[in-house]
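Topology and contacts: notes
Take a look at the letters that make up each chain.
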Amino acid sequence: MDSTKASGETAINMPESKSTKAKAVVYATTKATPLQQGGGWKRGVAIFDFILRICALVAALAATTTMGTTDQTLPFFTQFFQFQASYDDLPTFTFFVVANAIASGYLVLSLPFSIVGIVRPQAVGIKLLLLILDTVLVAFTTAAAASAAAIVYLAHNGNSNTNWLAICQQFNDFCQRVSGAVVASFIAAVIFIFLVVLSAVALRRH
């Protein structure tokens, strides 16, 4: 303790203890700034984005492979006809396979960008690019799934006004597989919608 006298006043200097300094250092290092808190929230959104992309990839691949390998031949035939149903007999199903294959390829290519978004949650350009491309893929996969769903409905129920007969009673396996592929494609489209909303929210919070 040091004491000095000047102009009749006494000044006392109290040295800081080591425990007080240590508490101050710990408090300064553990207190999170608002920027760090925002970065943690954005990193969590980026991780959720990555998980959703993997789920959409699984659904799109399932739709592509299921539809692309759908083929059924009935065990009876005539001298001139063989009763067979294949996905490439209908241009709508061919478009369905191509659209979901493109969506699968895009999702694979988007995974590295999503990882960059996890490492650098403050990056705006990557999120904006993924938002634009995800919006395009929403329209693409929805169009493919909706058009294929219309054909599947006709295959199950037919249309008496146009004399289109329901074929699912004969080609039961074929109809089950194409129906499953359409459901998987709709799941991928819904996940794409969630990705668009998630990216839009993340950009809004920047």
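Residues numbered from 1 in each chain as written. Predicted model: local features only at pLDDT ≥ 70, side-chain atom pairs only at ≥ 80, totals over all residues. Heavy atoms only, no water.

Notes on the overall build of the protein chain
To keep it simple, the criterion reads: Starting at the N terminus, helices and strands are each numbered in turn, a helix being any DSSP run of H or I of at least four residues and a strand any DSSP run of E of at least two. Residues are treated as being in contact if the distance between any of their heavy atoms lies within 4.5 Å. For every accessible area listed, the method is Shrake-Rupley and the probe measures 1.4 Å; residues are considered covered only by the protein chains on display.
A count of helical and extended segments in the protein chain gives five helices and four strands. Counting from the amino terminus, the protein chain carries its helices and strands in the arrangement β-β-α-α-β-β-α-α-α. Within the protein chain, residue pairs in contact and separated by at least 24 positions form 76% of the contacts whose partners lie at least 6 positions apart. With an accessible surface of roughly 13,000 Å², the protein chain has 67% of that area assigned to carbon and sulfur atoms.

Focus on a nonpolar patch on the surface
The condition that has to hold: Note that patches include only residues with greater than 30% relative accessible area and no salt bridge, and the join distances are 9 Å for like charges and 5 Å for nonpolar side chains (Val, Leu, Ile, Met, Phe, Trp, Tyr). The term salt bridge refers to a side-chain nitrogen of Lys or Arg lying within 4 Å of a carboxyl oxygen of Asp or Glu.
Where nonpolar side chains cluster on the molecular surface, the patch consists of W41, I193, V197 and V201 and spans about 330 Å² of accessible area. Per-element tally for the nonpolar patch: the top contributor is helix α5 (residues 172–204), with three residues. With respect to the secondary-structure elements, W41 resides in helix α2 (residues 34–68).

Overview of the nonpolar core
As a reminder of what qualifies: For this analysis, a nonpolar core means a set of buried residues of the types Ala, Val, Leu, Ile, Met, Phe, Trp, Tyr and Cys, connected via side-chain atoms within 4.5 Å. Partly exposed describes any residue whose relative accessible area lies between the buried limit of under 20% and the exposed limit of over 50%, with all areas from a 1.4 Å probe on protein chains only and scaled to the type maximum.
Within the largest apolar cluster, 22 residues are counted, with the highest numbers of intra-cluster contacts made by L52, Y106, L107, L137, I191, F192 and L195. Contributing elements (two or more residues each) for this core: α2, α3 (91–119), α4 (125–157) and α5. Dropping the residues within four chain positions of it, Y106 is found in contact with R53, L130, L133, D134, L137 and F192. Within the second largest apolar cluster, 20 residues are counted, among which are M67, A85, Y87 and C168.

Let's talk about the packing of α3 against α4
Applicable threshold: For helices, the axis comes from a line fit to the C-alpha atoms of the stretch in contact; other axes are also lines fit to C-alpha atoms, and the angle between any two N-to-C directions lies between 0 and 180 degrees. In these notes the angle categories are as follows: under 35 degrees is roughly parallel, over 145 is roughly antiparallel, 65 to 115 is roughly perpendicular, and the rest is oblique. Crossing handedness is defined as follows: a turn of the near helix away from the far one that is anticlockwise and smaller than a right angle gives a left-handed crossing, while the clockwise case is right-handed. In this count, Pro and Cys sit with the nonpolar residues alongside Ala, Val, Leu, Ile, Met, Phe, Trp and Tyr, while Asp, Glu, Lys and Arg are called charged and the others, Gly among them, polar.
One way to put it is that α3 packs onto α4 with a least axis distance of 9 Å and a crossing angle of 160 degrees. What the angle tells us is that α3 and α4 run roughly antiparallel. By crossing handedness, the relation of α3 to α4 is classed as left-handed. Taken together, the residues of the contact of α3 with α4 break down into 20 nonpolar, six polar and one charged.

Side note on the pattern of salt bridges
When charged atoms on two side chains of opposite charge get close, those side chains can pair. Evaluation of the coordinates by the stated rule reveals two salt bridges. Note that D49 is salt-bridged to R53, the shortest N-O span being 2.8 Å. You can see D49 and its partner R53 sitting in helix α2, four residues apart, about one turn around the helix. The residues D49 and R53 share a single accessibility class, namely buried. Its salt-bridge partner being D134, residue R53 comes within 2.7 Å of it at the nearest N-O pair.

Points about the UniProt feature "transmembrane region" (unreviewed entry) in the protein chain
In plain terms, the rule: UniProt positions are given in the numbering used here, feature names are shortened, and annotations may be inferred rather than shown by experiment.
In the UniProt entry, the feature "transmembrane region" (unreviewed entry) is given for residues 50–70, 90–116, 128–155 and 181–203. Structurally, residues 50–70 is divided into 90% helix and 0% strand, and its ends, taken at the C-alpha atoms, are 30 Å apart. Within the segment residues 128–155, helix and strand shares are 100% and 0% respectively, and the terminal C-alpha atoms sit 41 Å apart.

Describing the confidence of the model for the protein chain
As a general rule, the predicted coordinates of low-pLDDT regions are not to be interpreted in detail. We count it as follows: Residue-level confidence of the predictor, termed pLDDT, takes values from 0 up to 100.
Looking at the protein chain, the pLDDT average stands at 79 and 75% of residues meet or exceed 70. Confidence over residues 1–14 falls short of pLDDT 50; this stretch has eleven contacts with residues more than four positions distant or in other chains. Here residues 18–37 is a poorly scored stretch, pLDDT under 50, and it has four contacts once near neighbours within four places are set aside; other chains count.

Structural notes on empty space enclosed by the protein
Take a probe with the size of a water molecule and roll it over the atoms, and the empty space left behind shows itself. Which entries qualify depends on this criterion: Buriedness of a pocket was judged along seven lines, with at least five required to meet protein on both sides within 12 Å; pockets are open sets of points on a 1 Å grid over the protein atoms alone, cavities are sets where a 1.4 Å probe fits but cannot get out, and lining residues have an atom within 4 Å of a point. Grid points are joined across faces, edges and corners, and a volume is the space filled by probe spheres set on the points.
What the rule picks out here adds up to one cavity of 30 Å³ or more. Roughly 130 Å³ of volume is contained in the largest cavity. Contributing to the lining of the largest cavity are 13 residues, with A46, D49, K127, L130 and S199 lying nearest its centre. A per-element tally of the lining of the largest cavity places α2 first, with four residues.

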